Amino acid sequence: MKRSPALLALLAALSAPLCLVAQSPSLTIQVNQPSTKVSPTLYGLMTEEINYSYDGGLYGELVRDRVPARTWGSLHYWPAVARGNAVSHISIDEKEGPSAAITHSIKVQVIGATEKAPAGVENNGYWGIPVRPNATYTGSFWAKTDTPDLPVTVALENDQTGVVAASATVTGVSGAWKQYSYTLKTGNVPVSQNNHLLLTTTKPATIWFELISLFPPTYNNRPNGNRIDLMEKMAAMHPTFLRLPGGNYLEGDHIADRFDFKKTLGETVNRPTHQGPWGYRSSDGMGLLEFLEWCEDLKVEPVLAVYAGYSLAQEHIDPGPALEPHVQDALDEIEFVTGGPETHWGALRAKYGHPAPFPLHYVEIGNEDQFDHSHSYDGRYEQFYKAIKAKYPQLQLIATTPVKSIKPDVVDDHYYESADTIFGMVNHYDKIDRNGPKIFVGEWATREGDPTPNLDAALADAAWMTGLERNSDLVVMHAYAPLLTNVNAHGIQWDTDLIGYDSLNSYGSPSYYAQVMFAGHVGTEVVPATLAGTPDRVFTVATRDEQKHKLYIKLVNATSQAVPLAISLEGAGKIDPKAKLITLTGKTPNATNSLAAPEAVVPMEKAITVSTKFSETLVPYSINVLEINN
Ligand code: AHR
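In what follows, the accompanying structure is described. (Residues numbered from 1 in each chain as written. Predicted model: local features only at pLDDT ≥ 70, side-chain atom pairs only at ≥ 80, totals over all residues. Heavy atoms only, no water.)

## Here we look at the site of the ligand
Taken together, Glu48, Gly247, Asn248, Trp278, Asn367, Glu368, Tyr416, Glu443, Pro482 and Trp494 form the complete shell of residues around the ligand. At a separation of 2.9 Å, an oxygen atom of the ligand approaches a polar backbone atom of Asn248. Across the shell around the ligand, the residue classes break down as 4 nonpolar, 3 polar and 3 charged. (Near = heavy atom within 4 Å. Polar contact = N/O pair within 3.5 Å; in protein donor to acceptor, adjacent residues only side chain to side chain. Nonpolar A, V, L, I, M, F, W, Y, C, P; charged D, E, K, R; others polar.)

## What to know about the nonpolar core
Membership of the largest hydrophobic core comes to 108 residues, with the highest contact counts inside it found for Trp294, Ile388 and Ile623. Examining the composition of this core, we find that 9 residues originate from one element, helix H10 (residues 455-470), more than from any other. Counting 39 residues, the second largest nonpolar core, distinct from the first, contains Phe141, Ala143, Ala166 and Leu214. (Core = buried A, V, L, I, M, F, W, Y, C linked by side-chain atoms within 4.5 Å. Buried < 20%, exposed > 50% of the residue type's maximum accessible area, 1.4 Å probe, protein only. Helix = DSSP H or I, 4+ residues; strand = E, 2+ residues; numbered from the N terminus.)

## Examining the layout of surface pockets
In this structure, the largest pocket occupies an estimated 690 Å³ of space. What lines the largest pocket is a set of 31 residues, among which Phe215, Pro223, Asn224, Gly225 and Thr268 lie closest to the centre. For the lining of the largest pocket, the secondary-structure elements that each account for two or more residues are strand S8 (136-145), strand S11 (178-185), strand S13 (205-215) and helix H5 (288-298). For the lining of the largest pocket, the leading source of residues is S8, giving 5 residues. By residue class, the composition of the lining of the largest pocket is 11 nonpolar, 13 polar and 7 charged. Empty space within the second largest pocket amounts to approximately 380 Å³. Looking at the second largest pocket, it is lined by 24 residues, and the ones nearest its centre are Arg132, Pro216, Arg227, Asp229 and Ser503. Secondary-structure elements contributing two or more residues to the lining of the second largest pocket are helix H2 (54-58) and helix H3 (228-235). (1 Å grid on protein atoms, 1.4 Å probe; cavity = no way out; pocket = protein on both sides within 12 Å on 5 of 7 lines; lining within 4 Å. Points joined across faces, edges and corners; volume = space filled by probe spheres on them.)

## With respect to the pattern of salt bridges
Counted under the stated rule, the structure contains 31 salt bridges. The partner of Lys263 in a salt bridge is Asp260, and the shortest N-O contact between them spans 3.8 Å. Judged by its relative accessible area of 45%, Lys263 falls in the partly exposed class. With a closest N to O distance of 2.7 Å, Asp329 and Lys262 form a salt bridge. Highlighted residues: Asp329 in helix H6 (residues 324-338) and Lys262 in the loop between helix H4 (248-251) and strand S15 (274-275), separated in sequence by 67 residues. Judged by its relative accessible area of 18%, Asp329 falls in the buried class. The class of Lys262 is partly exposed, set by a relative accessible area of 30%. (Salt bridge = Lys/Arg side-chain N within 4 Å of Asp/Glu carboxyl O.)

## As for the packing of H5 against H6
Helix-helix packing is characterised by the crossing angle of the two axes and by the distance between the axes. Contact geometry for H5 and H6: axes closest at 11 Å, N-to-C directions at 45°. In terms of orientation, H5 and H6 fall into the oblique class. Note on packing geometry: the crossing formed by H5 with H6 is right-handed. Between H5 and H6, the contacting residues are Leu288, Leu289 and Leu292 on the first element and Glu333, Phe336 and Val337 on the second. Looking at the contact of H5 with H6 residue by residue, the classes come out as 5 nonpolar, no polar and 1 charged. (Axes fitted to C-alpha atoms, helices over the stretch in contact; angles between N-to-C directions. Parallel < 35°, antiparallel > 145°, perpendicular 65-115°, else oblique. Left-handed = near helix turned anticlockwise from the far one by under 90°. Contact = heavy atoms within 4.5 Å.)

## Section: the packing of aromatic side chains
Tallying each qualifying case throughout the model produces 27 aromatic pairs. A ring pair is formed by Phe141 and Phe209, whose centres lie 5.5 Å apart and whose planes are at 85°; its orientation type is edge-to-face. Residue Phe141 is found in strand S8, and its partner Phe209 is found in strand S13; the two are separated by 68 residues along the sequence. For the pair Phe141 and Phe209, a shared accessibility class is recorded, and that class is buried. On the basis of an interplanar angle of 45° and a centroid distance of 5.9 Å, the ring pair of Tyr429 and Trp464 is categorised as tilted. Pair noted here: Tyr429 is in the loop between helix H9 (419-424) and strand S23 (438-446) and Trp464 is in helix H10, with a separation of 35 residues, a long-range link. A relative accessible area of 2% means that Tyr429 is categorised as buried. Feature note: the residues Tyr54, Tyr249, Phe259, Phe291 and Trp294 constitute an aromatic cluster, connected by ring pairs. Lying over the aromatic face of Trp127, Arg64 brings its terminal NZ or CZ to 4.5 Å of the ring centre. (Phe/Tyr/Trp six-rings, centres within 6.5 Å; stacked < 30°, edge-to-face > 60°. Lys NZ or Arg CZ within 6 Å of the ring centre and 35° of its normal.)

## What to know about the sheet that holds strand S26 (residues 499-501)
Reading across the sheet, the 3 strands line up as S25-S26-S27 and stay open at both edges, with mixed pairing between neighbours. Taken across any chain shown, the strands that pair with only one partner, and hence form the sheet edges, are strand S25 (484-486) and strand S27 (506-508). The sheet shows a mean angle of 20° between the axes of neighbouring strands, direction not considered. Bridging between S26 and S27 involves 3 bridges; their strand directions are antiparallel. (Pairing = 2+ DSSP bridges.)

Any link to function would need more than the numbers given here.
Here it is in structure tokens:
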């Protein structure tokens, strides 16, 4: 089609304003005009017993179902084992148990056993028991037998090859319940995952076993301690707090299944175990003191969630006298955490091995009480609030949903959303009233990727965190959730979890690395950062640390295009030209990490040269942290 000069002139006139709009992308930072302080507790951790996070995860125990779960009516994880002509019959004995807390046991009837034909019971662990070379495993079991002076051999045996990596014999197992300890030392054996623990005897006998336990080396060598690789991954996240013990795990499906801290203390034989809300029973090896020692090992503070009278199956306790025992439990729990040795619960903590009180500033009353259809939370929160403040006025008390009865110190907001939704929420807290309670974003995640989030999710997470950091005068704390998942089939109840593992190995998702990058590079004050001319889905936040003379600029490019950015550092004074750029990126938003490819998407660091005006190109689908010395 031939165009007339008039039409061409009109087209030119129409396109002129468009040219003006397409300004080149820029970022301006007002380095000397801090707008607000960064909350010193901004980045933290949230976990609970979900996805085999503790049992079969962080908690070092390698024996699955060490107190057999009677409710399942079987000894699913405890096959009988018999060699040669020997026979082994396994059952649960409801009348024989080692303590008032554990009143049942595994009854093993061994017939015709000899030195060459031993028999007993085995345990396959949490999808295999991992074996490493030159390692020392410490174990114990409670037992009694009808046959005096019975030997019991404990061995780590490979599922496929039958090769024994280590074994030890406990002698003198006798007629009264007693705990027996053993040590298994491996030599120069190959690393393997598919092993089981065998407990056999060489004589005909009936043996009752309970609490059969085996631990690998643990983080900081704590007895009853935690898995080293997962603790290291958490430490690398630079957390400042750990919200414990949940989540839904705090509440339980029923009131009787709540996290009852008093039943999680002391020797494991005195812990009855309890049903968790995520489909399996908790060993409670991760009891309140173990949670607190986990905090201590990571050098973080607990954010203590106390049960507040609501459980998930719509069971609740009305405010008033019926709730008082639970309020008292909360006061006792706080005393266990913070009390001196002259207090009842502080003395008990000392007796269990930790004389020094733990620091505590935040207590959360319940979990997600907006789901309580009885709408009793207003009254329940008020009752807890008044009782706790009367004794501990210094504590900040978190409400799990807004209440009218009293102004909470902090309200806990939870978000589990798609990437699209999260991108649209980045400015959410820019607009929230500063005269209301402070905000704890106690659980949040972009839910894309299964079992662990992909790069798209990480981009949205990072964008969201620019908003949290910018608003950290209001948002005093936040935590991604859930943190951990055992990636074996049937191990996962909730997909998109930050860190995945099996019994041997673990990996961080792209979202994990976004957390590591953000929490590891945060200043003490927010400084204004303004983007212009950038496409949608480019986000930024900047903070500075005057003491360390650092400026941290975070930039998220969630688009498929490279974004060349002209960066101005206004009022910066003297700038060190040597700076650092850390980038997390991948070829597509679906890029991800897994056990098989744990480092497909990891942060890369490079040296760059900067001045008060410089350029940097944000590669497509990238999360970037610029660390500048000034
Ligand atoms: O993080 C998983 C669950 O999500 C938590 O248990 C609960 O608080 C929330 O609904």
